[in-house]
Amino acid sequence: MDTRIPGRRFLHSPGPTHVPDEVLDAMRRQPMDMADPRLTRCIAACEAGLQRLLGTASAKPFIYAGNGHGAWEVLVENLIAPGEGVLIAGTGHFSDSWALQTEALGRRVQRTPWIEGEAIDVAAVEQALRDDREHQIKALFVVHTDTASGITSELAPLRAALDAAGHPALLVADVVASLGAAPFEMDALGVNVAVGASQKGLMLPPGLGFVAVDQAAMEMAARNPAPRFYWDWRLRDSELPYRKFCGTPPQNLLMGLEAALGLIFQEGIEQVHARHALLARAVHAAVEGWATAGALSFFAQVPEQRSVSVTAVQVAPGIDVDALRALARERFQVSIAGGLGPLTGRVFRIGHLGDLNAAMVLGCLAGVEAAMTVQGIPFGRDGVARAVACLAKG
């Protein structure tokens, strides 16, 4: 960086998110010898903390040095043999990305269609399962919150669809963008495998991916003849740190994860969810105000499906989203995200998950308003005022 920016730049992408000072301090500690019992205790605390946050009493957590896409590959290589099939519920960019990666690994993928602006089509999922009379589909892959669209799909109806169809496929949920922001109870929802990553609601830098695997999924993995080593759950199912990580653990990220989980539990999981819901309502209130001028609108059409993690704001043709983002970032110190995949150039996205409070969200909204003012984008001028009213109401 050739110039210093006074104060703190606001980070409002949906990942990476703001990292708390307590987590940064924890990550500053020196690494340990792999035989040090303090390292063993740190790893155990991370595993137990993930189980608690995921709402599971028995699913085994496996933590990897990698991002969410790495965790996708972990579960594909462990669960699905080459040539076997999976059903991926359409959610937009991230379900498409998951499908492309799964196909690249030599597995067969069936997708359900996605209607822009809406959540997963549960009826289409159930019909695909009923049509699979020979049970060629081994697992149903679902993105809980798609950060590209800002839409969250309910998981309980998808478990109900599997049960109604009498289909034995496993339910695999990507909770990368929802864990630590929205309620998720793995056992109660009947999720067999949960997939997550560090850089969103867990308030860490990118670098850790993880899966939590129930007994049915472990048994499927044991039957899978696909060759694998580094990703293999069977090899990592050990009490030894170097076996758990197939070599040297990413110690400083694990120290940060232990600290981040401690902050979540100190605040209280229900309180964390309530805080995210309130901050999301404030952002939504601001967007409702901005939309009155006709140039901006919600991408997510159904209010109840709008994510507590990120809001995608659709712009009218002719508005330069990248220019808006650059102006907000460089002049007003507010970093927001652009559109992904088919939404490139059509939306900007405001992340509101992780270590955030009301003042930070209001600062972000004001910075976006300032950038839109300079760029000449028409917007309703009471957006921040609506957000303030929402926060004041609580």
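Everything below is about the structure printed above this text.
Since we're looking at a predicted model, the values are computed, not measured.

**Things to note about the overall build of the protein**
And step 1. A tally of regular secondary structure across the protein gives 15 helices and 14 strands.
And step 2. Computed over C-alpha atoms, the radius of gyration of the protein comes to 21 Å, within 12% of the 21 Å expected from 2.2 N^0.38 for 394 residues, which places it in the range of a compact globule.
And step 3. Across its three principal axes, the protein shows a C-alpha extent of roughly 60 × 55 × 40 Å.
And step 4. Within the protein, the proportion of its 394 residues that are buried is 55%.
And step 5. Considering only intrachain contacts with a sequence separation of at least 6, the fraction spanning at least 24 residues in the protein is 73%.
And step 6. As presented, the protein carries roughly 16,000 Å² of accessible surface, and 54% of it is formed by carbon and sulfur atoms.
And step 7. Distance between charge centroids for the protein: 3 Å, based on 34 positive and 41 negative side chains.

**Topic: the packing of aromatic side chains**
And step 1. Tallying each qualifying case throughout the model produces six aromatic pairs.
And step 2. Between Y64 and W231, the aromatic rings sit 5.8 Å apart at their centres with planes inclined by 55°, giving tilted as the arrangement. Placement of Y64 in strand 2 (residues 60-65) and of W231 in the loop between helix 8 (215-223) and helix 9 (233-236) is noted, with a sequence separation of 167 residues between them.
And step 3. Here Y64 falls in the buried class, since its relative accessible area comes to 3%.
And step 4. Residue W231 is classed as partly exposed on the basis of its relative accessible area of 22%.
And step 5. Consider the rings of W72 and W98, whose centres lie 5.2 Å apart with planes at 5°: the pair is stacked. Taken together, the positions of W72 in helix 3 (residues 68-79) and W98 in helix 4 (residues 93-104) put the pair 26 residues apart, joining distant regions of the chain.
And step 6. W98 gets classed as buried once you look at its relative accessible area, which sits at 0%.
And step 7. Site record: aromatic cluster; members linked through ring pairs are Y64, Y230 and W231.
And step 8. Residue placement shows R306 over the ring face of F298; its charged tip is 3.6 Å from the ring centre.

**Topic: helix 5 (residues 122-131)**
And step 1. Within the sequence span of helix 5, burial applies to A124, V125, A128 and L129. The buried residues of helix 5 occupy an angular sector of 135° when the element is viewed end-on, so they sit on one face.
And step 2. Lining the buried residues of helix 5 we find strand 3 (85-88), strand 4 (108-111), strand 5 (137-143) and helix 6 (156-165).
And step 3. By the N-cap criterion, in which a side-chain oxygen at the helix start approaches the backbone nitrogen of a residue two or three places on, helix 5 is capped by D121, the distance to A123 being 3.2 Å.

**Some remarks on the nonpolar core**
And step 1. With 52 residues, the main nonpolar core has L54, I63, F184 and L257 as its most contacted residues.
And step 2. When residues of this core are assigned to their parent elements, the largest contribution, eight residues, is made by helix 11 (residues 251-267).
And step 3. With near-sequence residues (within four places) excluded, L54 lies in contact with V175, L179, F184, E185, M186, A194, F210 and A212.
And step 4. Counting residues in each nonpolar core, the second largest holds 33 residues, with L279, A328, V368 and F379 among its members.

**Remarks on a nonpolar patch on the surface**
And step 1. The grouping of M34, L240 and Y242 at the surface amounts to a nonpolar patch, some 260 Å² of accessible area in total.
And step 2. Along the chain, M34 falls in the loop between helix 1 (21-27) and helix 2 (37-54).

**Some details on the sheet that holds strand 9 (residues 193-197)**
Working definition: the strands of a sheet are paired by backbone hydrogen bonds and lie parallel or antiparallel to each other.
And step 1. If you trace the seven strands from one edge of the open sheet to the other, you get 2-10-9-8-5-3-4, paired in mixed fashion. The open sheet has two edge strands with one neighbour each: strand 2 and strand 4. When the angles between neighbouring strand axes are averaged without regard to direction, this sheet yields 20°.
And step 2. The pairing of strand 5 with strand 8 (residues 170-174) spans five bridges and is parallel. Among the inter-strand pairings, V142 is bridged to a residue of strand 8, identified as A173.
And step 3. Where helix 5 meets the sheet, its contacts fall on strand 3, strand 4 and strand 5, and the angle it forms with strand 3 comes to roughly 160°.

Scoring rules and cut-offs
Residues numbered from 1 in each chain as written. Predicted model: local features only at pLDDT ≥ 70, side-chain atom pairs only at ≥ 80, totals over all residues. Heavy atoms only, no water. Helix = DSSP H or I, 4+ residues; strand = E, 2+ residues; numbered from the N terminus. Rg over C-alpha atoms; globule rule 2.2 N^0.38 Å. Buried < 20%, exposed > 50% of the residue type's maximum accessible area, 1.4 Å probe, protein only. Contact = heavy atoms within 4.5 Å. Areas by Shrake-Rupley, 256 points an atom, 1.4 Å probe, with all protein chains shown as cover. Lys, Arg positive; Asp, Glu negative; His and termini not counted. Charge placed at Lys NZ, Arg CZ, Asp CG, Glu CD. Phe/Tyr/Trp six-rings, centres within 6.5 Å; stacked < 30°, edge-to-face > 60°. Lys NZ or Arg CZ within 6 Å of the ring centre and 35° of its normal. Arc of directions from axis to C-beta. Polar contact = N/O pair within 3.5 Å; in protein donor to acceptor, adjacent residues only side chain to side chain. Core = buried A, V, L, I, M, F, W, Y, C linked by side-chain atoms within 4.5 Å. Patch = residues over 30% accessible without salt bridge, like charges linked within 9 Å, V, L, I, M, F, W, Y side chains within 5 Å. Salt bridge = Lys/Arg side-chain N within 4 Å of Asp/Glu carboxyl O. Pairing = 2+ DSSP bridges. Axes fitted to C-alpha atoms, helices over the stretch in contact; angles between N-to-C directions.

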